[in-house]
Amino acid sequence: MNVVIIGASGYSGAELASLVVKHPNLTLTGCYVSEGSLDKKKLLSDLYPEHLGLLDLPLLPLSESAFHDIQIGADYVCLCTDHKVSVDLAPRFLAMSKKVFDLSGGYRLASNDDYVTYYGFEHKHPELLNKAAYGLAEWNGDAIAEAQLVAVAGCYPTAALNALKPLQQAGLLSEQRIIINAVSGVTGAGRKASVGTHFCEVSLAPYGLFNHRHGPEIEQHLGHQVLFTPHLGNFPRGILETIYVQLKPNVTSVQVNQAYQVLANEPLIRLLGDKIPSIKGVTKQPYVDIGWQQQGQQLIVIAAIDNLLKGAAGQALQCINLSMNLDHTTGLKGAF
Ligand SMILES: NC(=O)C1=CN([C@@H]2O[C@H](COP(=O)(O)OP(=O)(O)OC[C@H]3O[C@@H](n4cnc5c(N)ncnc54)[C@H](OP(=O)(O)O)[C@@H]3O)[C@@H](O)[C@H]2O)C=CC1
Ligand SMILES: CC(=O)N[C@@H](CCC(=O)OP(=O)(O)O)C(=O)O
């Protein structure tokens, strides 16, 4: 299959490019940036010298002639662009009968009202929202394989949902709101310069209190209320979430351990039991690591991912694998 990446100069786009070129069943046929991009015509490896020799590919402006080239030459289009840009671009590629994998949040929520409330814009194509498959690979494989538009799950929600859905599915959660405290490395904020992500400014601080868009994304796909608070930490990549769960009365540790067995055969999930996941354990790795400890009815679950891999490019490639009926791990295990 021929793949093009729109937004290839960004952190998630470049990560995806590095995976696609090593994938045995995929060919990377184009790397695109905006028409007015300062990076157009540069090589991807000029921006990411660690990929010298691997990604010596030009960054092409997404002009009208580029759309024509993509129509002729691509099977899969990966949108590694801002939410609003993805909302605009996806219908154009869908109309060309391409399969679209959108790494943004542009098609993850259920209704236009959610976009107004949590993203601050009216959705221009609400008719597509119920056609997009939610790209949470371990939980929605059949829909991902079938759909023409895949809304790859958000980074924080990928960690939270894999940590919590086993408990929800087993009926072990009490009614109480689940508290999720999450810390992300700075690549989570993208490559563009901003004061908030400046080297001298970042230490460790929460943001988005009560209104981060990943709160409703987690609630929508978990079916349970959460209080989600992200933090920005002074490390480049990785997400660690500490999740406080009140279990129903009399739920035992045996039941909790049993609930997590639903993920035991998933090759990109590592169940650590009472061992504690860390950023170090997942950096540049395609896995979600999940650990948990219980005291009475209080359960603390820890989940860790690399935001650019399982939180973005890795999961996008996993969704592509599902579409091609390949093993989840093709091009992922041992690729780093
Ligand atoms: N970083 C992360 O950890 C994660 C990111 N995501 C999502 O993935 C998407 C990309 O994120 P990230 O890689 O961090 O972002 P970056 O800011 O690092 O990259 C954005 C890319 O989009 C390009 N771009 C901007 N405008 C356009 C346009 N109109 N047409 C074509 N290309 C354009 C940029 O290049 P230029 O401006 O030069 O044109 C750049 O290549 C976002 O929606 C983000 O929410 C999802 C999960 C995790
Ligand atoms: C550290 C940081 O700023 N992280 C981003 C989330 C990462 C991301 O790009 O969000 P999606 O997964 O929804 O695409 C944020 O909080 O907006």
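Note that the structure is predicted; figures quoted are calculated from it, not measured.

Asker: So what's going on with the site of ligand 1? Which residues, and what values?
Answerer: In the neighbourhood of ligand 1, 27 residues make up the surrounding shell, with Ser9, Ser12, Ser34, Ser37 and Thr81 lying closest. Within the side chain of Ser12, a nitrogen or oxygen atom sits 2.7 Å from an oxygen atom of ligand 1. Measuring from an oxygen atom of ligand 1, one finds a backbone N or O atom of Arg191 at 2.8 Å. For ligand 1, the protein covers 84% of the area, taking 890 Å² as the surface of the free molecule. Of all the secondary-structure elements, those providing two or more residues to the shell around ligand 1 are α1 (11–20), α4 (83–95) and α11 (309–323).

Asker: Give me the lowdown on helix α5 (residues 112–119), citing residues and values where you can.
Answerer: Taken residue by residue, α5 has Asn112, Tyr115 and Tyr119 as its buried positions. End-on, the buried residues of α5 take up no more than an arc of 70 degrees, which puts them together on one face. The outward face of α5, more than 90 degrees from its buried face, is lined by the exposed residues Asp113 and Thr117. If you follow the buried residues of α5, they end up packed against α4. Gly120 occupies a position one or two residues after α5 and carries a positive phi of about 80 degrees.

Asker: Which residues make up the sheet that holds strand β4 (residues 76–79), and what values go with them?
Answerer: The 7 strands are arranged β3-β2-β1-β4-β5-β7-β6 in an open sheet whose pairing can be described as parallel. The sheet terminates laterally at β3 (59–61) and β6 (133–135), the two strands that pair on one side only. Between one strand and the next, the sheet's axes are offset by a mean angle of 25 degrees, whatever the strand orientation. Note: strand β1 (residues 2–6) against β4, 4 bridges, orientation parallel. Within β4, the residue paired with Val4 across the bridge is Val77. With respect to the sheet, helix α3 (residues 64–73) is in contact with β1, β2 (27–33), β3 and β4, its orientation differing from that of β2 by roughly 160 degrees.

Asker: Go over the pattern of salt bridges, please, and point to the residues and values.
Answerer: Summed over the entire model, instances satisfying the criterion amount to 9 salt bridges. With its nearest N and O atoms 2.8 Å apart, the salt bridge here joins Arg237 to Asp306. Within this pair, whereas Arg237 is found in the loop between β10 (226–233) and β11 (239–246), its partner Asp306 is found in the loop between β14 (298–305) and α11, the two being separated by 69 residues in sequence. In this structure, Arg237 and Asp306 share a single accessibility class: buried. Across the pair Asp289 and Arg270 runs a salt bridge, and its minimum N-O distance is 2.7 Å. Of the two residues, Asp289 sits in strand β13 (residues 288–295) while Arg270 sits in strand β12 (residues 269–273), which places them 19 residues apart along the sequence.

Asker: Tell me what's going on with the site of ligand 2, and back it up with residues and numbers.
Answerer: In the vicinity of ligand 2 lie 15 residues, with Arg108, Tyr207, His212, Arg213 and His214 positioned nearest. Within the side chain of His212, an N or O atom sits 2.7 Å from an oxygen atom of ligand 2. In isolation ligand 2 offers 440 Å² of accessible surface; the protein chains occlude 81% of this area. For the shell around ligand 2, the class distribution of residues is 6 nonpolar, 7 polar and 2 charged.

Asker: A description of the UniProt feature "domain: Semialdehyde dehydrogenase NAD-binding" (unreviewed entry) in the protein chain should follow, citing residues and the corresponding values.
Answerer: In this structure's numbering, the residues bearing the UniProt feature "domain: Semialdehyde dehydrogenase NAD-binding" (unreviewed entry) are residues 2–147. The straight-line gap between the two end C-alpha atoms of residues 2–147 is 18 Å; of that span, 35% is helix and 18% is strand.

Asker: Tell me about α3, and name the residues and values.
Answerer: Buried residues of α3: Ala66, Phe67 and Ile70, and no others. Down the axis of α3, the smallest arc covering the buried residues is 105 degrees, so these residues share one side. For α3, the exposed residues set more than 90 degrees away from the buried face come down to Glu64 and Ile72. On its buried face, α3 sits against β1, β2, β3, β4 and α4.

Asker: Break down the packing of aromatic side chains for me, with residues and values.
Answerer: Pairs of aromatic rings are described using the distance from one ring centre to the other and the angle between the two planes. Under the defined criterion, the tally for this structure stands at 7 aromatic pairs. Considering the side-chain rings of Tyr156 and Phe228, the 5.1 Å spacing of their centres and the 65 degrees angle between planes classify their relative orientation as edge-to-face. Of this pair, Tyr156 sits in helix α7 (residues 155–169) while Phe228 sits in strand β10, and the two are 72 residues apart along the sequence. As far as burial versus exposure is concerned, Tyr156 and Phe228 are alike and both buried. Ring centres 4.1 Å apart and planes at 20 degrees place the aromatic pair Tyr260 and Trp292 in the stacked group. Of the two residues, Tyr260 is situated in helix α9 (residues 253–260) and Trp292 in strand β13; the sequence distance between them amounts to 32 residues.

Each value, and the rule that gives it
Residues numbered from 1 in each chain as written. Chains lettered and ligands numbered in written order. Predicted model: local features only at pLDDT ≥ 70, side-chain atom pairs only at ≥ 80, totals over all residues. Heavy atoms only, no water. Near = heavy atom within 4 Å. Polar contact = N/O pair within 3.5 Å; in protein donor to acceptor, adjacent residues only side chain to side chain. Areas by Shrake-Rupley, 256 points an atom, 1.4 Å probe, with all protein chains shown as cover. Helix = DSSP H or I, 4+ residues; strand = E, 2+ residues; numbered from the N terminus. Buried < 20%, exposed > 50% of the residue type's maximum accessible area, 1.4 Å probe, protein only. Arc of directions from axis to C-beta. Contact = heavy atoms within 4.5 Å. Pairing = 2+ DSSP bridges. Axes fitted to C-alpha atoms, helices over the stretch in contact; angles between N-to-C directions. Salt bridge = Lys/Arg side-chain N within 4 Å of Asp/Glu carboxyl O. Nonpolar A, V, L, I, M, F, W, Y, C, P; charged D, E, K, R; others polar. UniProt positions renumbered as here; feature names shortened; annotations may be inferred. Phe/Tyr/Trp six-rings, centres within 6.5 Å; stacked < 30°, edge-to-face > 60°.

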